[in-house]
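# Architecture and fold: a report
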Amino acid sequence: MKAAIIGASGYTGADLIRILDSHPDIEISAITSRKYLGKSVWKAHPSMRNLKLRFTEYTKDVDADVIFLALPHTASMEKVPELLETGVKVIDLSADFRLKDVKIWEKTYGAKHTAPNLIEKAVYGLPELHREEIKKADFVSGTGCEATAGILALAPLQGKADKVIIDVKVGGSAAGSTGNAGTHYPARAGNVRPYAPVKHRHQEEIKQETGFEVSMTAHAVDLVRGILATCHIPNFSEDVSKLYRDFYKDSPFIRITPKDPKFLPNPKYVVGSNYCDIGVVTDEEHKRTVVFSAIDNLVKGASGQAIQCMNLMFGLKEETGLEALPLYPA
Ligand SMILES: NC(=O)c1ccc[n+]([C@@H]2O[C@H](COP(=O)([O-])OP(=O)(O)OC[C@H]3O[C@@H](n4cnc5c(N)ncnc54)[C@H](OP(=O)(O)O)[C@@H]3O)[C@@H](O)[C@H]2O)c1
């Protein structure tokens, strides 16, 4: 099968190329970039010095069975309609088609949605919750990285509890490859800093997918890759370890950890992989449950998950091309 990546010079584009390059069923037929047009892939991604790929210009008639869009939000929705018209399968990593309510999308992202008619068609690309729909889909929306960590941590508790406070710690690559004052080395190195104290955009995705009333606070931490989500559920302290194991028994990328702090979810144990580690601890005395989840934002939070969806859309084994263990130590 042929796969094309639109916006391949950025961080999620790089991880799509890295994983698809060793996928046994995929040939990368095109990678596009405006900035690196005509240049070898390694000019943008020096780690790919041995690859023969070259950046080309975007065209809707690209030769591919599946197209990944790794563009900023609002740039994707300009291209998705004409791509879908060609009959190709599309996986969009941006936020443009994640939220089912266009009014909430427009409020959250502060822009006018230009393809609202396609929102319904987009399947939310989280295989652990939407596996059967993804298998039948022509159009899948990638999920937010912090949203992925939050949703996977909370999904088994749907209907058991309703209110959650999520404290999320995020590595710098989640902000993409274009730097700003907040991602500059002196601001980030050796530091932990709240960057979205309330009203984080991904709250709406978590609410949509879990039904929880979500209040989220996000911190930028001194990591390149990785997310740790700490979900505090007040007035709830049932032992739910078995519930979690049962809920995810058919989900090959979810690993439920022991309660021992030495083994609880930790970005260091998932970096470079498509795994999501989840651990649950209860505080009976204060009636509180804490659920931790850790992912690599560029893999399970973006490109790896998109390829997991592609595998399902094409009837391949869900794990194909994604079975590598995390980098450790990293
Ligand atoms: N980073 C993460 O951890 C993460 C996780 C989940 C989802 N996402 C989502 O994935 C998407 C890509 O994220 P990223 O981190 O890879 O961003 P990035 O590093 O900034 O890359 C985006 C790429 O899109 C291209 N681009 C930018 N504006 C464009 C436009 N108006 N039209 C066409 N191409 C344009 C750029 O390439 P050229 O300038 O070379 O054309 C750039 O390399 C975003 O929507 C993001 O929200 C990111």
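Conventions used here
Residues numbered from 1 in each chain as written. Predicted model: local features only at pLDDT ≥ 70, side-chain atom pairs only at ≥ 80, totals over all residues. Heavy atoms only, no water. Helix = DSSP H or I, 4+ residues; strand = E, 2+ residues; numbered from the N terminus. Rg over C-alpha atoms; globule rule 2.2 N^0.38 Å. Contact = heavy atoms within 4.5 Å. Areas by Shrake-Rupley, 256 points an atom, 1.4 Å probe, with all protein chains shown as cover. Lys, Arg positive; Asp, Glu negative; His and termini not counted. Charge placed at Lys NZ, Arg CZ, Asp CG, Glu CD. 1 Å grid on protein atoms, 1.4 Å probe; cavity = no way out; pocket = protein on both sides within 12 Å on 5 of 7 lines; lining within 4 Å. Points joined across faces, edges and corners; volume = space filled by probe spheres on them. Salt bridge = Lys/Arg side-chain N within 4 Å of Asp/Glu carboxyl O. Buried < 20%, exposed > 50% of the residue type's maximum accessible area, 1.4 Å probe, protein only. UniProt positions renumbered as here; feature names shortened; annotations may be inferred. Pairing = 2+ DSSP bridges. Right-handed = clockwise from strand over helix to strand, strands pointing away. Nonpolar A, V, L, I, M, F, W, Y, C, P; charged D, E, K, R; others polar. Domains from an automatic or database assignment. Near = heavy atom within 4 Å. Polar contact = N/O pair within 3.5 Å; in protein donor to acceptor, adjacent residues only side chain to side chain.

Across its full length, the protein holds 10 helices and 14 strands. The globule rule puts the C-alpha radius of gyration for 330 residues at 20 Å, and the 19 Å found for the protein is close to it. Oriented by its inertia axes, the alpha-carbon framework of the protein measures out at about 60 × 40 × 40 Å. Summarising the internal contacts of the protein: among those between residues at least 6 apart in sequence, 67% fall at separations of at least 24. Approximately 15000 Å² of the protein is accessible, and the part contributed by carbon and sulfur atoms is 52%. Within the protein, one finds 41 positive and 41 negative side-chain charges whose respective centroids are separated by 4 Å.

Time to look at empty space enclosed by the protein. In this structure the tally under the stated criterion is one cavity of 30 Å³ or more. Taken together, Ile91, Gly125, Val140, Ser141, Gly142, Thr143, Ala302, Gln305, Ala306 and Cys309 make up the full set of residues lining the largest cavity. Elements with a contribution of two residues or more to the lining of the largest cavity: strand E7 (139-141) and helix H10 (299-313).

Take the pattern of salt bridges next. A full pass over the atoms with the stated rule returns 19 salt bridges. Across the pair Lys60 and Asp61 runs a salt bridge whose closest N-O atoms are separated by 3.3 Å. We classify Lys60 as partly exposed; its relative accessible area is 34%. Given the relative accessible area of 55%, Asp61 is considered exposed. Linked through salt bridges whose partners overlap, the residues forming this network are Asp15, Arg18, Arg225 and Asp296.

Another aspect to go through is the UniProt feature "active site" (unreviewed entry) in the protein. The sites that UniProt annotates as "active site" (unreviewed entry) are Cys145. Not counting chain neighbours up to four residues away, the residues in contact with Cys145 comprise Ala174, His202, Ile227, Ile295, Asn297 and Gly301.

Residues Val66 and Phe68 point to one face of strand E4 (residues 66-69) and Ile67 and Leu69 to the other, with burial holding for every one of them. Bridge count between E4 and strand E5 (residues 89-92): four bridges; the pairing is parallel. Residue Leu69 lies in a different strand from E5, and its bridge partner there is Asp92. Once you follow E4 into helix H3 (residues 76-85) and on to E5, the crossover reads as right-handed.

We now examine the layout of surface pockets. Of the voids in this model, the second largest pocket is the one considered here, and its volume is about 660 Å³. What lines the second largest pocket is a set of 32 residues, and nearest its centre among them are Tyr11, Ser173, Val224, Arg225 and Leu298. Where the lining of the second largest pocket is concerned, the elements lending two or more residues are helix H1 (11-21) and helix H7 (185-188). Of all the elements, H1 adds the most residues to the lining of the second largest pocket, at five residues. Counted by class, the lining of the second largest pocket contains 15 nonpolar, 11 polar and six charged residues. Split by domain, the lining of the second largest pocket shows at least three residues from each of two domains, domain 1 (2-121) and domain 2 (145-295).

Moving on: the site of the ligand. Residues in close proximity to the ligand total 26 residues, the closest being Ser9, Thr12, Ser33, Leu71 and Ser177. A distance of 3.0 Å is found between an oxygen atom of the ligand and a backbone nitrogen or oxygen belonging to Gly10. Here the ligand has 890 Å² of accessible area as a free molecule, and 82% of this is covered by the chains. Of all the elements in the fold, those that place two or more residues in the shell around the ligand are H1 and H10.

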